[in-house]
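What follows is each chain in one-letter form.
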Amino acid sequence: SLDIVVFSDHGNNMVQNNHVDLAQILVENGYQDGAALEAPEDFVLIRNGFVSVAALYTDPDNAREIATLFSNLEGVDFSVYMDRQSIMVNGSSGIARIDRKGERYLYTALDGDPLKLGGTIQSLRQHGKSDKQGFVHGNDWWHATKDHVYPDPLHRIWQGLHDLVEHPATLLVSFKDGYAFGPAIFQQQIVSGREGTHGALLANHSNGFFMTDFMQVEPHNRPNVVAGLLATAATAKQQANKNSPLD
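Residues numbered from 1 in each chain as written. Predicted model: local features only at pLDDT ≥ 70, side-chain atom pairs only at ≥ 80, totals over all residues. Heavy atoms only, no water.

**Q** What is the right way to look at the pairing of strand β9 (residues 104-112) in this model?
**A** Successive residues of a regular strand alternate their side chains across the two faces of the sheet. Pairing of strand β8 (residues 94-101) with β9, which is carried by 8 bridges, proceeds in the antiparallel orientation. Across the sheet, I95 pairs through a bridge with D111, a residue of β9. Both β9 and strand β10 (residues 136-137) contribute to a ladder of 2 bridges, which runs antiparallel. Note on β10: the bridge partner recorded for Y105 is V136. (Pairing = 2+ DSSP bridges. Helix = DSSP H or I, 4+ residues; strand = E, 2+ residues; numbered from the N terminus.)

Printed below as a string of structure tokens:
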């Protein structure tokens, strides 16, 4: 029998996006754009497409100052970086800290609320999901934020600065809708009216779709869950084919 699976790897904002020149503001403030980190003021920006997220590598001691510079730059939503064992979120809407204990996360708004989680935290407390320190299990965060403007933000940010790639960036920058970053070659595509990009933490940049004609799935799923469903289905299909009388 024929089984059909259709899915996307991410969302897409489907609007024309303006380029944000991250390198310029850094150079203007004494940093050096290069291909390697040799001096404390050196930085490397990964320019691998015109996307709404940027990865920057530099001396970790520069992270706080650079995040503050970016927070005042048009188009930047927020930057995230490690501060000892915590993650700092610094953006146009304020500053917050993310902590993790096992599978539980704590979001502390220090100035404003850059991830817009104030109402979510209040609801989680009312439903008894937070412990005495305010930590909430990742699964509860997922269910509380799967329809949020930033879906599953704490888990995704933590993963992005830890084990999503082999060498995590010093800073990750998430852009507002309508803004993106990339090589100079993409400037011509902006002029010609190229629309759509992805990468930011925003829902329309993040949420993909997943459809099959042979299994029931929940309305919302993390990528690892979808991958697990497909792996299980593929194994079952292979086993069925081995047992087929037509083989």
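What follows picks up the thread again.
**Q** Would you mind showing me how to read the layout of surface pockets here?
**A** Which parts of space are left empty comes out when a probe the size of a water molecule is rolled across the atoms. The space that makes up the second largest pocket amounts to roughly 390 Å³. In terms of lining, the second largest pocket is formed by 16 residues, of which the most central are A63, R64, Y81, M82 and D83. (1 Å grid on protein atoms, 1.4 Å probe; cavity = no way out; pocket = protein on both sides within 12 Å on 5 of 7 lines; lining within 4 Å. Points joined across faces, edges and corners; volume = space filled by probe spheres on them.)

**Q** Would you mind showing me how to read the side chain of D152 here?
**A** Among the secondary structure elements, D152 is positioned in the loop between α4 (138-145) and α5 (153-160). Within the structure, D152 has its side chain in polar contact with the side chain of R222 (distance 2.7 Å). (Polar contact = N/O pair within 3.5 Å; in protein donor to acceptor, adjacent residues only side chain to side chain.)

**Q** What's the story with the sheet that holds strand β7 (residues 86-91) in this structure? I'm lost.
**A** Working definition: the strands of a sheet are paired by backbone hydrogen bonds and lie parallel or antiparallel to each other. Read from one edge of the open sheet, 9 strands run β3-β4-β5-β11-β6-β7-β8-β9-β10, paired in mixed fashion. In the strand order of this sheet, the two ends are held by β3 (32-33) and β10, each with one partner. Packed on one face of the sheet, α5 meets β6 (76-83), β7, β8, β9 and β11 (171-175) and runs near 80° to β8. (Contact = heavy atoms within 4.5 Å. Axes fitted to C-alpha atoms, helices over the stretch in contact; angles between N-to-C directions.)

**Q** Can you walk me through a nonpolar patch on the surface in this structure?
**A** Taken together, L2, I4, V6, F209 and M211 make up a surface patch of nonpolar side chains, about 490 Å² in accessible area. In this fold, V6 is placed in strand β1 (residues 5-7). Residue classification places V6 among the partly exposed residues on the basis of a relative accessible area of 35%. (Patch = residues over 30% accessible without salt bridge, like charges linked within 9 Å, V, L, I, M, F, W, Y side chains within 5 Å. Areas by Shrake-Rupley, 256 points an atom, 1.4 Å probe, with all protein chains shown as cover. Salt bridge = Lys/Arg side-chain N within 4 Å of Asp/Glu carboxyl O. Buried < 20%, exposed > 50% of the residue type's maximum accessible area, 1.4 Å probe, protein only.)

**Q** Sorry, what's going on with the side chain of T58 here?
**A** Inspection of the secondary structure assignment puts T58 in strand β5 (residues 53-58). At 2.8 Å, the side chain of T58 and the backbone oxygen of D42 are in polar contact. When near neighbours in sequence (up to four residues on either side) are disregarded, T58 contacts L37, P40, D42, F43, I66, T170 and L171.

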